[in-house]
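An overview of the molecular structure
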Amino acid sequence: CPGAAFGSCRFVIKGGLAGAAVYVAYDQGLLGTGKQGAEALRKAQAALPPAIQEWTSYVGWEVRMDQEETLPPTPKIDFSPSDSWNKGVQTVMAALSVAPTRACEYTEEGWRYVKDLVK
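These numbers were taken from a predicted model, which means no experiment stands behind them. (Residues numbered from 1 in each chain as written. Predicted model: local features only at pLDDT ≥ 70, side-chain atom pairs only at ≥ 80, totals over all residues. Heavy atoms only, no water.)

**Brief notes about the pattern of salt bridges**
Selection rule: The salt bridge criterion pairs a side-chain nitrogen of Lys or Arg with a carboxyl oxygen of Asp or Glu, the two atoms within 4 Å. Helix and strand definitions follow DSSP, with helices as H or I runs of at least four residues and strands as E runs of at least two, each counted in order from the N terminus. Buried, partly exposed and exposed residues are distinguished by accessible area as a fraction of the type maximum, computed with a 1.4 Å probe on protein chains only: under 20%, between the cut-offs, and over 50%, respectively.
Taken as a whole, this structure holds two salt bridges when the rule is applied. Measuring nitrogen to oxygen at the nearest pair gives 3.5 Å for the salt bridge that ties Arg-42 to Glu-39. With Arg-42 and Glu-39 both in helix H2 (residues 34–59) and three residues apart, this pair spans about one turn of that helix. The class of Arg-42 is partly exposed, set by a relative accessible area of 48%. Arg-102 is paired through a salt bridge with Glu-105; the nearest N and O atoms lie 3.9 Å apart. Within this pair, Arg-102 and its partner Glu-105 are both found in helix H4 (residues 81–118), separated by three residues, close to a single helical turn. Looking at Arg-102, the relative accessible area reads 42%, which means it is partly exposed. Residue Glu-105 is classed as partly exposed on the basis of its relative accessible area of 40%.

Written out as structure tokens, the structure is:
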């Protein structure tokens, strides 16, 4: 993109990439329920090793069988999206439940500070 249009062209490209990322996340079930997210994670864990093997063969890197056994195993990801979601909801609700009390405490502290300045 030439000249002044470079900024707007960059914006369009970034917007397109962001839109594509949201579409892929939605299409794979990542924006659905916790169970759909867990299933998408299982699919990704199953697809990742073959994809890496295909990529290395495409690039021309050779992974010999005798070397492959010396490589560390792929990490096991034990992650539950539903548990993380529930923990986040609980944290937000806990913060919202104490917000009025904290607001009163901070207001009283502010008034004391102002009174001490006026003295």
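**Some thoughts on the confidence of the model for the chain**
Quick reminder of the rule: The predictor attaches a confidence to each residue, and that confidence, scored 0 to 100, is pLDDT.
Per-residue pLDDT for the chain averages 77, and the proportion of residues at 70 or more is 76%. Averaged pLDDT values for the elements of the chain fall to 49 in helix H3 (residues 65–68) and rise to 85 in H4.

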